[in-house]
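A look at the structure
Single-letter residue listing:
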Amino acid sequence: MSDLSEGIDVKKKATQEITPHTLRLLRIITSNSSAEHTRQAISILSKVASRSHPIILWDILARLYTSLTLPDEGDALGEGVGRREKVALAMEHVARFIPL
């Protein structure tokens, strides 16, 4: 019986972790990628978010928020505003799937 419950716990934990694919999408969105690549990444992230557990949604939002508050090399070049707009748009697309 304990083997069965351990299997369920492992399965539940696996569904509450961000996948490497999602991490790559976040990296594209938070970096100074081209506008087209960022738009596509936000679209895919939105689809991922629609099927994700609420804990995953909050984790994604936290990672995006952190990228808003941390300066990067693009800020010195004046590219930080555009990057922050892309991140804010991605946050909107993820937040709409948080259950009320």
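The structure we're discussing is the one just above.
One numbering rule holds for all chains: residues counted from 1, following each sequence as written. pLDDT decides what is reported in this predicted model: residues at 70 or higher carry local features, side-chain atom pairs at 80 or more are listed and counted, and totals for whole chains, interfaces and linings draw on all residues regardless. Each side-chain value is worked out from all heavy atoms of the structure, with water and hydrogens disregarded.

As for the overall build of the chain
- Scanning the chain from N- to C-terminus turns up 6 helices and 0 strands.
- Listed N to C, the secondary structure of the chain is α-α-α-α-α-α in terms of helices and strands.
- Partly exposed residues are those whose accessible area sits between 20% and 50% of the maximum for their type, while under 20% is buried and over 50% is exposed, using a 1.4 Å probe and protein chains only. Split into buried and exposed, the 100 residues of the chain put 27% on the buried side.
- Sequence-distant contacts in the chain: of pairs separated by 6 or more residues, those separated by 24 or more amount to 67%.
- Shrake-Rupley sampling with a 1.4 Å probe provides the accessible areas, and residues are treated as covered by the protein chains on show and by no other component. Total accessible area on the chain is roughly 6700 Å²; 61% of this is exposed by carbon and sulfur atoms. We count a stretch as a helix when DSSP gives it H or I for four or more residues in a row; a strand needs E for two or more, and each element gets its number in order from the N terminus. When checking whether two residues touch, look at their non-hydrogen atoms; a contact exists if any pair is within 4.5 Å.

A closer look at helix 6 (residues 80-95)
- To estimate the expected span of a helix, subtract one from its residue number and multiply by 1.5 Å. The first and last C-alpha atoms of helix 6 sit 22 Å apart over 16 residues, in line with the 22 Å expected at 1.5 Å per residue.
- Among the residues of helix 6, Gly80, Arg83, Val87, Ala90, Met91, His93 and Val94 are the ones counted as buried. Summarising the axial view, the buried residues of helix 6 lie within an arc of 160°, below the 170-degree limit, and thus occupy one face. Exposed residues lying more than 90 degrees from the buried face of helix 6 are Val81, Glu85 and Glu92. In this description, the arc belongs to the directions extending from the helix axis to the C-beta atoms.

Looking at the packing of helix 4 (residues 54-69) against helix 6
- Here the axes come from fitting lines to C-alpha atoms, over the contacting stretch only for helices, and the angles between their N-to-C directions go from 0 to 180 degrees. Running from N to C, helix 4 and helix 6 cross one another at 165°; their axes reach a closest spacing of 10 Å. In terms of their interaxial angle, helix 4 and helix 6 are classed as roughly antiparallel. Helix-helix and strand crossings are classified by hand; for helix 4 and helix 6 the assignment is left-handed. Contact residues: helix 4 offers Leu57, Ile60, Leu61, Leu64, Tyr65, Ser67 and Leu68, while helix 6 offers Arg83, Arg84, Val87, Ala90, Met91, Val94 and Ala95.
- In this count, Pro and Cys sit with the nonpolar residues alongside Ala, Val, Leu, Ile, Met, Phe, Trp and Tyr, while Asp, Glu, Lys and Arg are called charged and the others, Gly among them, polar. Here the residues of the contact of helix 4 with helix 6 sort into 11 nonpolar, 1 polar and 2 charged. Here the word oblique covers every angle except those under 35 degrees (roughly parallel), over 145 (roughly antiparallel) and from 65 to 115 (roughly perpendicular). Take the far helix as the reference: if the near one is turned anticlockwise from it by less than a right angle, the crossing is left-handed, and if turned clockwise, right-handed.

Observations concerning the nonpolar core
- Ile29, Leu45, Ile60, Leu64, Ala90 and Val94 are the most contacted members of the largest nonpolar core, which totals 19 residues.
- Listed by contribution, the elements that provide at least two residues to this core are helix 2 (20-30), helix 3 (35-50), helix 4 and helix 6.
- Setting aside anything within four residues of it in sequence, one finds Ile29 in contact with Thr38, Ala41, Ile42, Leu45, Leu64, Lys86, Val87 and Ala90. Residues grouped as a nonpolar core are buried Ala, Val, Leu, Ile, Met, Phe, Trp, Tyr and Cys residues, joined through side-chain atoms within 4.5 Å.

Remarks on the pattern of salt bridges
- When a carboxyl oxygen of Asp or Glu lies within 4 Å of a side-chain nitrogen of Lys or Arg, that pair is called a salt bridge. A full pass over the atoms with the stated rule returns 2 salt bridges.
- Ionic pairing is found between Glu36 and Arg39, a salt bridge with its closest N-O pair at 2.7 Å. Linking Glu36 with Arg39, this pair stays in helix 3, spanning 3 residues, or about one helical turn.
- Take Glu36: its relative accessible area is 39%, and that puts it in the partly exposed class.

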